[in-house]
Amino acid sequence: MKEQRFFVVGGGRSGVAAAKMLLELKKDVVVFDGKTDFDTESFCKKIGAKIPFVLGEAKKEDLKNFDVCVVSPGVSLETDVMKAVAAENIPIWSEIELAYRFDKGQVVAITGTNGKTTTTSLVYEIVKEWNKNTLLVGNIEIPYTGLALSSVQGGFTVAEISSFQLETMRTVKPRVSAVLNITPDHLDRHKTMENYSALKMSIAKNQDKDDYCVLNFEDDYLREHAKDLSCNVVFFSSKRKIENGIYLDGKDIVLTIGGKNEVVCRTDEVTLVGTHNFENIMAAVAMTYCLGVPLDIIRAVTKHFVAVEHRIEYVCEKNGVKYYNDSKGTNTDAAIKAIDAMPGTTLLIGGGYDKKSDYAEWVSRFPGKVRLLVLLGQTREKIAEACEKIGFKDYVFAENMEEAVKLCAENAKSGDYVLLSPACASWGMFKCYQERGNIFKELVKAL
């Protein structure tokens, strides 16, 4: 790579990994962070080198002579620093883009509003069983730049890709990609559904006739825009039979790719629950089959795969009440799927950071299913208003997770389900959805 001077924006996990990789490549690195009190000493310890920093704001003179800006996914292109970078005509790469240029293997990439982590994890487990030189990276909390230099020829990289990362991906060309679904999310950053949907679809923009893209046939946007792709399209469906793809037929998951017609497994043979998870399984099976993984390996791994942490994760049973942690349900579509997966009367903990979502459809699922809604965080009044509009009044406010869990435990009856599925991001009250979920689990286990 001829580029020598790099301006890394963001001092978090992605920034650390990108800076460390660039230093290993003998590149010149300057790191920017918006906090004027950013802990530069701690950052330097993590990367094992002393480097220069720009903190607070970036002036024109700070941006002279850079070849590339590598931006962390959490930094919007609308921030002052990124506008300044763009004004200087400095190429902007995502951390994913930088890593991809040094990956010696083939990439399998998954995006979508919901189901990414479960599908990515299952794809990784299947491919790893087939080829031990398989990496797991991306929005699954593992920076790609942290592992790209350890990739090998003939190996694979399975990557979960967010819309934030897709904004600044340029040359990434997956061997197999997937868009699982598209529902409203992150509109505070992407502004419109048109922008958001186009970003999701862009995961396949560099693919050609030798590549595959797996799409959800039941998503209107994906079905309509499949014709715009230059690669082979394979559909999955939970509602109808697909001639060249994979579908759910009663309890059978049936594969029909390339003229094949075979039951991969039955839904009662897997540990995951809910139609949304059966869709995740179908996507993973289709992707790995298109990659060339033998069906017997796909079948064996799929049957034993366990749900990822924080995604409709069973916690424990207390006094006949079962508790589930769905802290990763950070938007309404994911939260709807979690509610639908609960077999009986549910006490629900929701609310959090406001991503400008509309809660009407989520709230419409409450009557007859949710006995009590406990609301937290910035969005609690907004969600309460949505409840009032449909006449649902069984809600209360809590100041923190401890109070929310206590209210649920006091009001739950034997046979009920308590579900943390916030339909909102965790920011403001928690560092991340993992912290929120872990605190919930600790409080439940301590009841």
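Draft legend 1. Structural detail: the sheet that holds strand β5 (residues 92-94). An order of β3-β2-β1-β4-β5 is seen for the five strands of this open sheet, with the pairing classed as parallel. Edge positions in the sheet fall to β3 (53-55) and β5, since each has one partner strand and no second. Strand-to-strand twist across the sheet, computed as the mean angle between neighbouring axes with direction ignored, equals 25°. Relative to strand β4 (residues 68-71), strand β1 (residues 5-9) runs parallel, the two sharing four bridges. Opposite Phe6, over in β4, you have Val68 as the bridge partner. Helix α3 (residues 80-87) rests against β1, β2 (28-33), β4 and β5 of the sheet, and its axis sits at about 155° to β1.

Draft legend 2. How the structure looks around the packing of helix α5 (residues 116-130) against helix α11 (residues 295-304). Running from amino to carboxyl end, α5 crosses α11 at an angle of 130°, the nearest separation of the two axes being 9 Å. Comparing the axis directions of α5 and α11 gives the class oblique. Of the two elements, α5 crosses α11, and the hand of that crossing is right-handed. On α11, the residues touching Leu122, Glu125, Ile126, Glu129 and Trp130 of α5 are Ile297, Ile298, Val301 and Thr302. When its residues are assigned to classes, the contact of α5 with α11 shows six nonpolar, one polar and two charged.

Draft legend 3. Highlighting α3. Among the residues of α3, those classed as buried are Val81, Met82 and Val85. Each buried residue of α3 lies within a common arc of 95° when the element is viewed along its axis, so the set occupies one face. Turned more than 90 degrees from where α3 packs its buried face, Asp80 and Ala87 sit exposed. Asn89 sits one or two residues past α3 and shows a positive phi near 60°.

Draft legend 4. Structural context of the packing of aromatic side chains. Applying the stated criterion to the full structure yields 15 aromatic pairs. Here Phe217 and Phe235 contribute two aromatic rings whose centre-to-centre distance is 5.0 Å and whose plane-to-plane angle is 90°, an arrangement assigned as edge-to-face. Linking Phe217 in the loop between β10 (212-216) and α9 (220-225) with Phe235 in strand β11 (residues 232-237), this pair joins segments that are 18 residues apart in sequence. Both rings, one in Tyr359 and one in Trp362, keep their centres 6.1 Å apart while their planes meet at 55°; by these two values the pair is tilted. Each member of the pair, Tyr359 as well as Trp362, carries the same accessibility label: buried. Following the ring pairs from residue to residue traces out a cluster consisting of Tyr359, Trp362, Phe366 and Phe392. Over the ring of Phe66 we find Arg5; its NZ or CZ atom is 4.4 Å from the centre of that ring. Positioned over the ring face of Trp93 is Arg101, at 3.8 Å from the centre of the ring.

Draft legend 5. Highlighting unusual backbone geometry. You will see that Asn65, though not glycine, has its phi angle at about 70°, which is positive. Take Asn65: it is sitting in the loop between β3 and β4. Positive phi values are uncommon outside glycine, yet His310 reaches one of about 75°. Position of His310 among the secondary structure elements: in the loop between α11 and β15 (313-318). With relative accessibility at 2%, the residue His310 sits in the buried group.

Draft legend 6. Focus on the environment of Pro294. Mapped onto the elements of the fold, Pro294 is located in the loop between α10 (275-291) and α11. Judged by relative accessible area, which is 32%, Pro294 ranks as partly exposed. The spatial distance from the C-alpha of Pro294 to the C-alpha of Trp130 is 8.1 Å, given a sequence separation of 164 residues.

Draft legend 7. Inspection of the pairing of strand β18 (residues 370-375) at higher detail. The element β18 is extensively covered by neighbouring structure, given that five of its six residues are classed as buried. Taken together, the five bridges between strand β17 (residues 346-350) and β18 define a ladder with parallel strand orientation. If you follow Gly350 over to β18, its bridge partner there is Leu375. Here β18 pairs with strand β19 (residues 395-397) via three bridges, running parallel. Within the sheet, the bridge partner assigned to Val374 lies in β19 and is Val396. Once the chain exits β18 it traverses helix α14 (residues 380-389) before rejoining the sheet at β19, and the crossover so formed is right-handed.

Analysis parameters
- Residues numbered from 1 in each chain as written.
- Predicted model: local features only at pLDDT ≥ 70, side-chain atom pairs only at ≥ 80, totals over all residues.
- Heavy atoms only, no water.
- Pairing = 2+ DSSP bridges.
- Helix = DSSP H or I, 4+ residues; strand = E, 2+ residues; numbered from the N terminus.
- Axes fitted to C-alpha atoms, helices over the stretch in contact; angles between N-to-C directions.
- Contact = heavy atoms within 4.5 Å.
- Parallel < 35°, antiparallel > 145°, perpendicular 65-115°, else oblique.
- Left-handed = near helix turned anticlockwise from the far one by under 90°.
- Nonpolar A, V, L, I, M, F, W, Y, C, P; charged D, E, K, R; others polar.
- Buried < 20%, exposed > 50% of the residue type's maximum accessible area, 1.4 Å probe, protein only.
- Arc of directions from axis to C-beta.
- Phe/Tyr/Trp six-rings, centres within 6.5 Å; stacked < 30°, edge-to-face > 60°.
- Lys NZ or Arg CZ within 6 Å of the ring centre and 35° of its normal.
- Right-handed = clockwise from strand over helix to strand, strands pointing away.

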